[in-house]
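Each chain is listed here by its residues.
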Amino acid sequence: MLIRSKAPLRLGLAGGGTDVSPYCDTYGGTVLNVTIDMYAYCTLEPTDDGLVEFYAADRKERFSAPAGHPIPLEGQLLLHKGMYNRILQTYGGGSPLSLRMTTYSDAPAGSGLGSSSTMVVAMLKAYMEWLNLPLGEYDMAALAYQVEREDIGLSGGKQDQYAATFGGFNYMEFYDHDRVIVNPLRLKNWIRNELENSLVLYYTGTSRDSAKIIDEQVRCQKDEKSLEGMHELKVQAERMKEAILKGDFDGFADCLRAGWEAKKKTSSVISNPQIDRMYSYVMENGGKAAKISGAGGGGFMMIVCDPAKRFDLVEKLRETNGKVMVTGFTTRGTQAWTLY
């Protein structure tokens, strides 16, 4: 028997960072995001050899240990170890849970597309399929968050786990006591198509440690300028939601620009001279708005342009050292299936 699963990566359109404690606990956070047709993948094969084996194919990292015992959260493959420990502890029922797991992602860690959290969701979905765990979407996303943020201790927000679980365009609200409300947006097809055809992803070639950047943002939240930037991020998320629902594409681009400027106020590590130069290059060659996806500091730049000018912009981007990608949106969240 083989269990396979996948979970979609996401683009943070507006409000990213306001889903991180303590800001969301004090002021409430709002995030607008959409999942794209890039995924984290997991294959789980139950075995009877008394071992638990992990292989991250994209990272060329392997781990093996006796099944049925908590794995120390150290070294490589922390996400795999943390999820196994939680499943063993909560749902193992005394069974050793011997298995072989292989994972990989369409985007590298530190890309700004939520790849780490999305991988946690994909692995959890595979365990749910195998053990027939009765978890709803909210329960599943909350458990993925707990494993990554609490059990393993990696800093970050909540939007990634919920995006990968629910899928589609979502306006999310985050409050104290880990309360989350996911509001799916029902977009007309012509609006979805126009947005999709306006989008270009540009990989800067530089991954970054989002946890360190988020730690720095949290430290800066006591600063008046940083706090002002966080409040502005919330405002732009609400404005962008309205612009998208009405098909106001100029308004959407305005919100994206304003959101990027607000994001840079929250910490000095959000941007750097290389990113600033690339942003200027994009604007000079047909871009209407752009931002670094995720925590900032590197990874993917999300660019919005006139669809009629997208081909020319892509050609100019290909003259640089980065990687250009054209992607589409997805409507479904994480999925799993079994092969006998």
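The preceding data block contains the structure.
Residues numbered from 1 in each chain as written. Predicted model: local features only at pLDDT ≥ 70, side-chain atom pairs only at ≥ 80, totals over all residues. Heavy atoms only, no water.

**Q** Explanation requested: the overall build of the protein chain in the structure shown.
**A** Per the secondary structure count, the protein chain includes 11 helices and 12 strands. The globule rule puts the C-alpha radius of gyration for 340 residues at 20 Å, and the 20 Å found for the protein chain is close to it. The dimensions of the protein chain, computed from C-alpha atoms along their principal axes, are 60 × 40 × 40 Å. Here the protein chain holds 340 residues, and the buried ones make up 56% of them. Counting contacts in the protein chain only where the partners sit at least 6 residues apart, residues at least 24 apart contribute 72% of the total. (Helix = DSSP H or I, 4+ residues; strand = E, 2+ residues; numbered from the N terminus. Rg over C-alpha atoms; globule rule 2.2 N^0.38 Å. Buried < 20%, exposed > 50% of the residue type's maximum accessible area, 1.4 Å probe, protein only. Contact = heavy atoms within 4.5 Å.)

**Q** Explanation requested: the packing of helix α2 (residues 78-91) against helix α3 (residues 115-131) in the structure shown.
**A** Working note: a packed helix pair is described by the angle between its axes plus the distance between those axes. In contact at an axis separation of 10 Å, α2 and α3 are set at 35° when each is read in the N-to-C sense. Here the hand of the crossing between α2 and α3 comes out right-handed. Contacts between α2 and α3 involve Leu79, His80, Met83, Tyr84 and Ile87 from the first element and Ser116, Val120, Met123, Leu124, Tyr127 and Leu131 from the second. A class-by-class count of the residues in the contact of α2 with α3 yields 9 nonpolar, 2 polar and no charged. (Axes fitted to C-alpha atoms, helices over the stretch in contact; angles between N-to-C directions. Left-handed = near helix turned anticlockwise from the far one by under 90°. Nonpolar A, V, L, I, M, F, W, Y, C, P; charged D, E, K, R; others polar.)

**Q** For this particular structure, what's the right way to read the sheet that holds strand β11 (residues 323-325)?
**A** Adjacent strands of a sheet pair through backbone hydrogen bonds, lying either parallel or antiparallel. Spatial ordering of the open sheet is given by β9-β10-β8-β11, a layout of 4 strands whose pairing is antiparallel. In the strand order of this sheet, the two ends are held by β9 (287-292) and β11, each with one partner. Strand-to-strand, the axes of this sheet are offset by a mean angle of 25°, without reference to chain direction. Sitting on the sheet, helix α9 (residues 249-265) touches β9 and β10 (300-305), and the angle it makes with β9 is about 40°. Each of β8 (199-203), β9 and β10 touches helix α10 (residues 273-284); the most contacted strand, β9, lies at about 160° to it. (Pairing = 2+ DSSP bridges.)

**Q** Honestly, the nonpolar core in this entry has me stumped. Any pointers?
**A** Among soluble globular proteins, nonpolar side chains are generally buried collectively. Counting 38 residues, the largest nonpolar core has Phe54, Tyr84, Leu99, Leu124 and Tyr127 as its most contacted members. For this core, the secondary structure elements donating two or more residues are β1 (2-14), β2 (29-46), β3 (51-56), α2, β5 (99-105), α3 and α4 (137-151). For this core, the leading source of residues is α3, giving 10 residues. Discounting residues that sit within four places of it in the chain, Leu99 has contacts with Leu44, Glu45, Pro46, Thr47, Leu51, Val52, Glu53, Phe54, Tyr84, Tyr127 and Trp130. (Core = buried A, V, L, I, M, F, W, Y, C linked by side-chain atoms within 4.5 Å.)

**Q** Just checking my understanding: could you explain the pattern of salt bridges for this structure?
**A** Between side chains of opposite charge, a pair can form as their charged atoms come close. Tallying each qualifying case throughout the model produces 14 salt bridges. Glu53 is the partner of Arg100 in a salt bridge, and the nearest nitrogen-oxygen pair spans 3.5 Å. Of the two residues, Arg100 is situated in strand β5 and Glu53 in strand β3; the sequence distance between them amounts to 47 residues. When the shortest N-O distance is used, the salt bridge between Lys288 and Asp250 registers 3.3 Å. Taken as a pair, Lys288 in strand β9 and Asp250 in helix α9 lie far apart in primary sequence, 38 residues in all. (Salt bridge = Lys/Arg side-chain N within 4 Å of Asp/Glu carboxyl O.)

**Q** What is the right way to look at the packing of aromatic side chains in this model?
**A** For any pair of aromatic rings, the description consists of the separation of the ring centres together with the inter-plane angle of the planes. Taken as a whole, this structure holds 11 aromatic pairs when the rule is applied. With a centroid separation of 4.9 Å and an interplanar angle of 35°, the aromatic rings of Tyr23 and Tyr27 are classed as tilted. Placement of the pair is Tyr23 and Tyr27 together in helix α1 (residues 23-27), with a separation of 4 residues, close to one helical turn. Owing to a relative accessible area of 1%, Tyr23 belongs among the buried residues under this scheme. Grouping aromatic residues by their ring pairs yields a cluster made of Tyr39, Tyr41 and Tyr104. The ring of Tyr55 has Arg62 lying over it, and the distance from NZ or CZ to the ring centre is 3.9 Å. (Phe/Tyr/Trp six-rings, centres within 6.5 Å; stacked < 30°, edge-to-face > 60°. Lys NZ or Arg CZ within 6 Å of the ring centre and 35° of its normal.)

**Q** How should the environment of Leu201 be read in this particular structure?
**A** Mapped onto the secondary structure, Leu201 falls in strand β8. Classification of Leu201 by relative accessible area gives buried; the value is 0%. C-alpha separation for the pair Leu201 and Val304, spaced 103 residues apart in sequence, amounts to 8.9 Å. Not counting residues within four places of it along the chain, the set of residues in contact with Leu201 comprises Leu11, Ile36, Met38, Phe300, Met301, Met302, Lys323, Val324, Met325 and Thr327.

**Q** Just checking my understanding: could you explain the side chain of Asp19 for this structure?
**A** Following the sequence through the fold, Asp19 ends up in the loop between β1 and α1. The side chain of Asp19 sits in the buried core without any salt bridge; Lys263 is the nearest counter-charge, 6.7 Å away. A polar contact is formed between the side chain of Asp19 and the backbone nitrogen of Gly17, at a distance of 3.1 Å. A polar side-chain atom of Asp19 sits 3.0 Å from the main-chain amide nitrogen of Lys158. Ignoring sequence-local partners within four residues, the contact set of Asp19 consists of Cys24, Val31, Gly157, Lys158, Gln159 and Phe174. (Lys, Arg positive; Asp, Glu negative; His and termini not counted. Polar contact = N/O pair within 3.5 Å; in protein donor to acceptor, adjacent residues only side chain to side chain.)

**Q** Would you mind going over the environment of Asp106 with me for this structure?
**A** Residue placement: Asp106 occurs in the loop between β5 and α3. Look at Asp106 and you get partly exposed, because its relative accessible area is 35%. With 69 residues separating them along the chain, Asp106 and Tyr175 place their C-alpha atoms 31 Å apart. Residues in contact with Asp106, not counting those within four places in the same chain, are Met38, Tyr39 and Tyr41. Reaching out from Asp106, the side chain makes a polar contact with the side chain of Tyr41 at a distance of 3.1 Å.

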